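Single-letter residue listing:
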Amino acid sequence: MEKLRYERPAIKKLNAGLMNKFGTRTEYAPCTHIDGVAVKDLIKEYGSPVFVISERTIRKTSQNANRAFKTRYPKVQFAWSYKTNYIDAVCNVFHQEGSWAEVVSIFEYQKAIDNGVPGNKIIFNGPEKSVADLEQAVNNGSFIHIDHFDELYDLIELTGRIKKKAKVAIRVNMDTGIYPMWDRFGFNYETGQAWNAITKIMASEYLELEGLHSHIGTFMLSTQAYSIAASKLSDLAVNIKYKYNKAIHYLDLGGGFPSANTLRGSYLPGADVIPSIDDFAEAITSTILNYGYKTEDLPLLILETGRALIDDAGYLLGSVLANKRLSDGRRATIMDFGVNILFTSFWYEHKITPAQEFSQHTEDMVMYGPLCMNIDVVRQSVNLPLLNKGDQVVVHKVGAYNMTQWMQFIAMRPKVILIDMDGKPHIIRENETVDTLRSMERKPDYLKKFKL
Ligand SMILES: *Cc1c(COP(=O)(O)O)cnc(C)c1O
């Protein structure tokens with residue numbers, strides 16, 4: 001019998017990053033179609049990279065969220081958070097599903113008006129509202145959520161001058177057991193600042209206190225925090241009823257529910273750690289129902305959830321530009337999309353799937369974007385089948401914040417496509433070109449010529 005061959009042991013450096021419950025593998029099956037449309041056809045028609053949004057998924061997610069709350073509580077209203085994704089076509093899918101508009105700037109406000117949202121179904125949040133912005137909102141009968149005392153004084157002065165009533169709420173910040181606390185927005189509950197603002201509003205001639213608002217954070221993993229928020233807002237509402245005999249018309253619990261994305265460094269995939277929308281609905285509605293309101297005084301419950309309603313519906317399709325070896329032996333793959341259009345890759349480990357069949361071989365790799373900039377890393381460590389130049393991939397759950405926080409840096413912003421309920425793609429936002437830049441820039445005459 002032949003002697004077994006000796007092989008020198010070798011130490012191999014692993015660059016797997018943190019494992020998840022599946023080990024290091026992330027993906028097993030190619031993603032060739034989105035809502036029945038071939039990825040390769042979408043890229044051929046609209047270019048690479050390209051964002052794709054599924055109308056079917058938006059409607060399904062939105063209907064599920066409505067069901068979760070409306071089956072538990074009699075009066076519920078969703079308001080679409082414009083800053084999460086303010087492409088008009090996307091907003092209008094939400095409006096068709098019955099959502100009001102929730103905006104945090106005057107340009108979002110104008111978009112909501114242009115989209116046809118009635119003024120009295122717009123909630124105007126945020127710390128930045130000029131007197132002119134406030135005047136427009138007062139005239140349209142919108143709900144103005146006051147952020148700070150200077151805004152409150154502006155409103156008192158404005159409404160006194162134009163002699164018109166304004167429908168207002170205050171944003172309340174509070175300790176919900178989540179730290180750091182988001183105490184930079186609104187009036188604090190524990191210090192008595194919120195009550196102080198309420199008494200000033202109640203004493204003013206033209207301000208109608210319609211609601212109480214909180215938005216305690218984003219990508220919240222605790223349902224308990226929402227129970228606390230609901231009970232602190234209810235405490236204010238019940239005290240208002242007691243002192244002024246005025247029933248508060250609505251409680252707005254804001255947004256902040258997580259999507260099923262995986263946070264960077266998380267052991268378990270996002271879908272396994274996040275509470276469901278039903279869990280959040282149960283925490284909020286049972287707290288309000290048990291609080292001690294008289295049945296006729298039960299407030300309308302408003303939700304401004306953004307991320308949880310749109311992340312799943314968004315995909316980014318892209319292509320491999322090149323492969324290379326780094327000095328430490330790791331495989332590096334360079335994609336045609338980077339952090340310029342995928343801002344959320346700074347905090348999520350986005351699921352990335354090849355869009356074509358692949359072999360059994362996989363390798364841990366770094367996935368870079370195309371920017372000539374060191375921070376342009378889409379995935380620091382991802383185990384994927386070997387991708388070749390020209391291969392296509394699908395990045396999942398990118399519907400929230402990427403199409404608003406993207407930047408036009410080194411590369412231009414790509415097209416956004418909506419696949420409708422019948423599987424028909426529509427361009428809902430054109431890509432930028434160099435003409436987009438030219439149309440905005442102005443060259444003084446004396447800088448038009450030079451000799452080299
Ligand atoms: C951003 C924002 C939302 C939406 O937050 P999500 O975390 O995306 O749900 C809702 N309300 C206000 C006031 C916001 O600023």
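Bear in mind that the values here come from a model prediction, so they are computed numbers and not experimental data.

Quick word on the pattern of salt bridges
Then comes step 1: The tally for this structure, following the rule as stated, stands at 19 salt bridges.
Then comes step 2: Its salt-bridge partner being R59, residue E55 comes within 2.9 Å of it at the nearest N-O pair. On the criterion of helical spacing, the pair formed by E55 and R59 is a turn pair, its members being 4 residues apart in helix α2 (residues 55–70). Across this residue pair, the class does not change: E55 and R59 are buried.
Then comes step 3: Salt-bridge contacts for R330 lead to D328; the nearest nitrogen and oxygen are separated by 3.0 Å.
Then comes step 4: A relative accessible area of 24% means that R330 is categorised as partly exposed.
Then comes step 5: Among the ionic contacts, a cluster of salt bridges with common partners joins R67, R72, D278 and E282.

Quick notes on the domain arrangement of the protein chain
Then comes step 1: Taken domain by domain, the protein chain consists of domain 1 (24–53 + 312–431) and domain 2 (55–311).
Then comes step 2: Placing a centre on the C-alpha atoms of domain 1 and another on those of domain 2 gives a separation of 33 Å.
Then comes step 3: Taken together, the contact pairs 28 residues of domain 1 with 24 residues of domain 2.
Then comes step 4: For the domain 1 and domain 2 pair, buried surface summed over both sides reaches about 2,600 Å², with 53% attributable to carbon and sulfur atoms.
Then comes step 5: Taken as a group, Y348, Y401 and M421 account for 28% of the area that domain 1 buries against domain 2, more than any other trio of residues on that side.
Then comes step 6: Seen at the junction of domain 1 and domain 2, the total is 0 salt bridges.
Then comes step 7: Linking domain 1 with domain 2 are 20 residue pairs in polar contact (both at pLDDT 80 or more), by the criterion used here.
Then comes step 8: Elements with a minimum of two residues in the side of domain 1 that touches domain 2: β17 (377–385), α12 (402–405), β19 (416–419) and β20 (425–429).
Then comes step 9: When residues in the side of domain 1 that touches domain 2 are grouped by element, the largest group, 3 residues, is from β19.
Then comes step 10: Of the residues in the side of domain 1 that touches domain 2, the class split is 15 nonpolar, 7 polar and 6 charged.

A closer look at the site of the ligand
Then comes step 1: Close to the ligand lie 16 residues, the nearest being K83, T218, G256, E304 and Y401.
Then comes step 2: Within the side chain of T218, an N or O atom sits 2.5 Å from an oxygen atom of the ligand.
Then comes step 3: Take G306: an N or O atom from its main chain is 2.8 Å from an oxygen atom of the ligand.
Then comes step 4: Summarising the interface, the protein chains cover 94% of the accessible area of the ligand, which totals 390 Å² for the free molecule.

Focus on the pairing of β19
Then comes step 1: Here β19 shows no split at all, with V416 and L418 on one side and I417 and I419 on the other all buried.
Then comes step 2: Bridge count between strand β3 (residues 50–54) and β19: 4 bridges; the pairing is parallel. Directly across from I53, in β19, lies its bridge partner L418.
Then comes step 3: Where β19 and β20 come together, 4 bridges link them in antiparallel fashion. Counted as the bridge partner of I417 is I427 from β20.
Then comes step 4: Where β19 folds back onto β20 in an antiparallel hairpin, the turn is made up of 5 residues, including G423, whose phi is positive at roughly 80°.

About the thresholds
Residues numbered from 1 in each chain as written. Predicted model: local features only at pLDDT ≥ 70, side-chain atom pairs only at ≥ 80, totals over all residues. Heavy atoms only, no water. Salt bridge = Lys/Arg side-chain N within 4 Å of Asp/Glu carboxyl O. Helix = DSSP H or I, 4+ residues; strand = E, 2+ residues; numbered from the N terminus. Buried < 20%, exposed > 50% of the residue type's maximum accessible area, 1.4 Å probe, protein only. Domains from an automatic or database assignment. Contact = heavy atoms within 4.5 Å. Buried area = accessible area lost by both parts, 1.4 Å probe. Polar contact = N/O pair within 3.5 Å; in protein donor to acceptor, adjacent residues only side chain to side chain. Nonpolar A, V, L, I, M, F, W, Y, C, P; charged D, E, K, R; others polar. Near = heavy atom within 4 Å. Areas by Shrake-Rupley, 256 points an atom, 1.4 Å probe, with all protein chains shown as cover. Pairing = 2+ DSSP bridges.

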